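Architecture and fold: a report
Below are the chains, spelled out letter by letter.
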Amino acid sequence: MSHDEDFNLSSPGVLAKYQEAGAIAQRVMTALIGECVEGRKVVDVCSLGDKLIGDETASAEKGKKSDKGQAFPTCVSVNNCVGHNSPLPGDVQAFAAGDLVKIDLAVHVDGFIATVAHTIVVGQSQEPTSGRKADVICAAHFALECALRLMKPGNKNTEVTQYIQKVADQFGVSPLEGVLSHEMKKHVIDAPRVIINKATPDHKVEEFEFSDNEVYSVDIVMSTGAGRPRDEGVKPTVYKRNVDSTYQLKLKTSQAVFRDIKTKFPALPFPVRALDPKTGRMGITECANHGMLTPFPTLFERGTEFVVQFKTTVLLLPSGTHRLNTFPLPFVRSDKEVVSPDIKEVLARSTESPFAKKAITDGSSSSTTA
C-alpha cells in the first residue's frame, strides 16, 4: 500500500476514523439543537459544543496514541449572520422565538475530519414555518440533495455549482457568494479542490472531475437577500494557523500565545475563547497582523434577511456517494416548489454506484445514504 493510500478511503482504518468522527459530530450536533431555546445565550451553546467535542473525542481511539478533538470550533449564527460567530465569554446575545439558527462544527479522529452544519427554528410550534424562512430552508435542503447526487466520479464540480443556482431560482433566493466546499485530507480541512457555492465574474474556481476515495465538506448556504455578505465590524473570534508563515514576534505576550496555538491547534481552526482570557486577544492581534494566523470573518447579510446553512461530510466511495450526517429538518411550508424537470431528474437519482456490489454498512456508524 502506498503512502497516499494509507491516508485515503481505500484504507479500512481511515474509513473507520471518518465514521467515528461523523458519529461524534452527530451526537454533539443533536445535543446542541436541543439547547437552542428562547433566552439561552449563544456563547453558552458554543462553549458547550466545544466541551462536548472534547469529552466525546477523549473516549475515541482508546488505547492508541492519536491526535483527536475539535477540527472547527462550534459557531452559532443567528438570522442574517452568515457564519463564524463564536463569541467570547461575556457576550449577551440570546435566542428569541422564531430565530433562524445555524450551528456549525467539526470533529477529527487522528486528523480525519467530519464537518457538519444544520439550521433550526427556535421555539417552533406545531404550526409550520412559512414565508421567506420556509423558502430559503427548502432551497438549501434541495440544493444539498442535488449536490450529493451529482458528486460522482467523472462528474465535475462546476455542475454542482450550476444546480445550486438552479435550485435557488426555484425558491426565489440566492446562494451566498464566497462559500467553498473543500476537499479534505488528513489534518487538512481546506484542501485546494473546491466547489463554489455561487460563481461570479470575481469568484471562480478551477474545474475538475470527482474521483473515488475523495472526501468533501459540502457546505450549502442560501440567503433571502442578494447573497453578498458584508463586514459589519465584528472582530473575528475564529482563526487558523498559517503553517508556512514565519515572523519574529516582538511582544512576549504574542510569543506565549503563539506557542500555545502551535501546541493546541497546530493545523486546524480554533476559537479565541480557547486561549488564555487575559492574553489571548492581545497576542492574537500581532500574530494576525503579520500573517501568522488567518481570521474567519463574521459576516452578515442585510438586517431583514435570513441565511440558512446545511453542511455534511461526503465520502466518494466505490459503492457510491455517502454522507456522514443527517438531522431532522425544520417543519416548514413554502408556497414554492421544485418544478424544473432537470432538478427533478437529479433528485430522482440514487447516490449508490450502479457498479457497486454492495453498499457500505457499519452498525456503529452514522453514515446514511440520501
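Residues numbered from 1 in each chain as written. Predicted model: local features only at pLDDT ≥ 70, side-chain atom pairs only at ≥ 80, totals over all residues. Heavy atoms only, no water.

1. Side note on the overall build of the protein
Looking only at helices and strands, one finds eight helices and 15 strands in the protein. In terms of overall dimensions, the protein is globule-like: its C-alpha atoms have a radius of gyration of 20 Å, near the 21 Å expected for 370 residues. The principal-axis extents of the C-alpha atoms in the protein amount to approximately 60 × 55 × 40 Å. Looking at the protein as a whole, 52% of its 370 residues are labelled buried. Accessible area of the protein: about 16500 Å², with a carbon and sulfur share of 51%. Side-chain charges of the protein comprise 43 positive and 45 negative groups, with the mean position of each set lying 4 Å from the other. (Helix = DSSP H or I, 4+ residues; strand = E, 2+ residues; numbered from the N terminus. Rg over C-alpha atoms; globule rule 2.2 N^0.38 Å. Buried < 20%, exposed > 50% of the residue type's maximum accessible area, 1.4 Å probe, protein only. Areas by Shrake-Rupley, 256 points an atom, 1.4 Å probe, with all protein chains shown as cover. Lys, Arg positive; Asp, Glu negative; His and termini not counted. Charge placed at Lys NZ, Arg CZ, Asp CG, Glu CD.)

2. Some details on the pattern of salt bridges
Here the structure, examined in full by the defined rule, presents 23 salt bridges. Residue D135 is joined to R132 by a salt bridge in which the shortest nitrogen-to-oxygen separation is 3.3 Å. With D135 and R132 both in helix α4 (residues 131–150) and three residues apart, this pair spans about one turn of that helix. Using a relative accessible area of 34% as the deciding quantity, one classes R132 as partly exposed. Close ionic contact of R230 with E232 constitutes a salt bridge, the shortest N to O distance being 3.6 Å. One network of salt bridges, in which partners are shared, links R132, D135, D335 and K336. (Salt bridge = Lys/Arg side-chain N within 4 Å of Asp/Glu carboxyl O.)

3. Considering the side chain of D110
Within the secondary structure, D110 sits in the loop between β3 (100–109) and β4 (112–121). Assessed through its relative accessible area of 13%, D110 is described here as buried.

4. Topic: the nonpolar core
Counting residues in hydrophobic clusters, the biggest one holds 43 residues, and the most contacted among them are Y18, V76, F95, V101, I103, L105 and L315. Those elements giving two or more residues to this core turn out to be α2 (12–35), α3 (42–58), β1 (68–78), β3, β4 and β14 (307–317). At nine residues, α2 tops the list of elements feeding residues into this core. Here F95 is in contact with C36, V37, E38, G39, R40, K41, V42, V45, V76, V78, V101 and V122, once residues within four sequence places are set aside. One finds L144, V160, F171 and F310 within the second-largest nonpolar core, a separate group that totals 36 residues. (Core = buried A, V, L, I, M, F, W, Y, C linked by side-chain atoms within 4.5 Å. Contact = heavy atoms within 4.5 Å.)

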